[in-house]
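Here is how the chains run, residue by residue.
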Amino acid sequence: MTDKFVATIFKNKTADRQKLLDYGFVLKDGELQLQTNILNGQFALTVCVCKNGTIRTSLTDRDTGEPYTLFLVGSAEGNFVGEVRAAYSAALEDIAVRCFLPEVYHSSPAKQIIAYAEEKFGDKLEFLWKNDADTSALRRKDTKKWYAVFLKIPRRKLGVDSDEIVEIIDLRRDKRDRTSAADGKTTFPAYHMNKESWITVCLDGSLSDQQLRDLLDISYMLAVK
């Protein structure tokens with residue numbers, strides 16, 4: 001049965017592992033799981049964050065020990081069903097607010113490079129402006145300097161004859177190395193950054209994941225005092 005609550009509440013959100021653990025989730029069978037009670041202990045709620053990021057839940061009636069799913073039926077009415085829906089929704093929304101981050105970038109290359117930066121350097125996206133959810137950066141902890149900036153822009157702003165919106169990443173480059181200059185095909189003159197010290201890459205698969213990781217490593221090393 002489709003759970004519209006999960007689909008809506010966790011849409012475009014990514015789990016923060018440490019926040020889940022701090023919240024009370026435990027690692028079991030490769031998944032992060034939480035068991036809690038709702039509606040004054042009448043129901044046991046289990047929430048699982050799977051390896052692939054999907055969310056799975058179950059609700060059990062403590063009196064009968066049986067799964068309770070009536071609240072997921074849209075046509076089901078009544079005060080009690082309404083109370084269950086409200087309590088279930090509130091529990092999931094609290095988890096979403098406290099343990100999940102907005103998933104702004106949807107391309108596979110963007111997700112891969114963001115995950116790589118967190119795994120290798122321990123850095124997470126820093127959203128730069130409150131009213132601009134499309135722009136974020138990765139910053140070194142020691143020097144406090146950016147080494148990657150993520151944006152969404154029309155390709156036309158890169159000199160390409162298209163108004164398609166594309167996810168991009170600005171990365172530092174060694175301006176002494178001519179081979180690292182923008183070629184206008186896979187790398188471009190930096191958008192909104194110093195074009196001598198930065199380049200722009202479209203996160204559209206034009207570069208392999210390994211190539212992106214290599215460029216990020218270089219950019220990280222260049223973000224020194």
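So, here is what we can say about the structure in this document. (Residues numbered from 1 in each chain as written. Predicted model: local features only at pLDDT ≥ 70, side-chain atom pairs only at ≥ 80, totals over all residues. Heavy atoms only, no water.)

What about helix α5 (residues 209–222)?
Given 3.6 residues to a turn, an α-helix orients residues that are three or four positions apart in the same direction. With 14 residues, α5 ought to run about 20 Å at 1.5 Å a step, and its terminal C-alpha atoms sit 20 Å apart, in line with that. Of all the residues in α5, the buried ones are Leu-212, Leu-216, Asp-217, Ser-219 and Tyr-220. End-on view of α5: buried residues confined to an arc of 165°, all on one side of the axis. Packed against the buried residues of α5 are α4 (108–121), β8 (132–139), β9 (146–154), β10 (165–172) and β12 (198–202). (Helix = DSSP H or I, 4+ residues; strand = E, 2+ residues; numbered from the N terminus. Expected span 1.5 Å × (residues − 1). Buried < 20%, exposed > 50% of the residue type's maximum accessible area, 1.4 Å probe, protein only. Arc of directions from axis to C-beta. Contact = heavy atoms within 4.5 Å.)

A word on the packing of α4 against α5
It is at 10 Å that the axes of α4 and α5 come closest, and there the two elements cross at 45°. In terms of axis orientation, α4 runs oblique to α5. Note that α4 runs across α5; the crossing there is right-handed. Across from Pro-109, Gln-112, Ile-113, Tyr-116, Ala-117, Lys-120 and Phe-121 in α4, the residues of α5 making contact are Asp-209, Leu-212, Arg-213, Leu-216, Asp-217 and Tyr-220. Here the contact of α4 with α5 is built from residues that sort into eight nonpolar, one polar and four charged. (Axes fitted to C-alpha atoms, helices over the stretch in contact; angles between N-to-C directions. Parallel < 35°, antiparallel > 145°, perpendicular 65-115°, else oblique. Left-handed = near helix turned anticlockwise from the far one by under 90°. Nonpolar A, V, L, I, M, F, W, Y, C, P; charged D, E, K, R; others polar.)

A look at the packing of aromatic side chains
Overall, the coordinates contain 14 aromatic pairs when judged by the stated rule. Relative to Tyr-68, the ring of Phe-43 has its centre 5.0 Å away and its plane inclined at 50°; by these criteria the two rings are tilted. Of the two residues, Phe-43 is situated in strand β4 (residues 43–49) and Tyr-68 in the loop between β5 (55–61) and α3 (79–99); the sequence distance between them amounts to 25 residues. For the pair Phe-43 and Tyr-68, a shared accessibility class is recorded, and that class is buried. Summarising the aromatic geometry, the rings of Tyr-105 and Phe-150 are spaced 5.5 Å apart at their centres and angled 35° between planes, so their arrangement reads as tilted. Linking Tyr-105 in the loop between β6 (100–102) and α4 with Phe-150 in strand β9, this pair joins segments that are 45 residues apart in sequence. Through successive ring pairs, a cluster of aromatic residues spans Phe-5, Phe-43, Tyr-68, Phe-71, Phe-80 and Tyr-88. Taking the ring centre of Tyr-116 as reference, the NZ or CZ of Arg-213 above it sits at 5.8 Å. (Phe/Tyr/Trp six-rings, centres within 6.5 Å; stacked < 30°, edge-to-face > 60°. Lys NZ or Arg CZ within 6 Å of the ring centre and 35° of its normal.)

Quick word on the sheet that holds strand β3 (residues 31–38)
Read across the sheet, four strands follow the order β2-β3-β4-β5 without closing on themselves; strand pairing throughout is antiparallel. With one partner strand each, in any of the chains shown, β2 (26–28) and β5 form the two edges of the open sheet. Here the average twist between neighbouring strands, direction ignored, is 30°. As paired elements, β2 and β3 share three bridges and run antiparallel to each other. (Pairing = 2+ DSSP bridges.)

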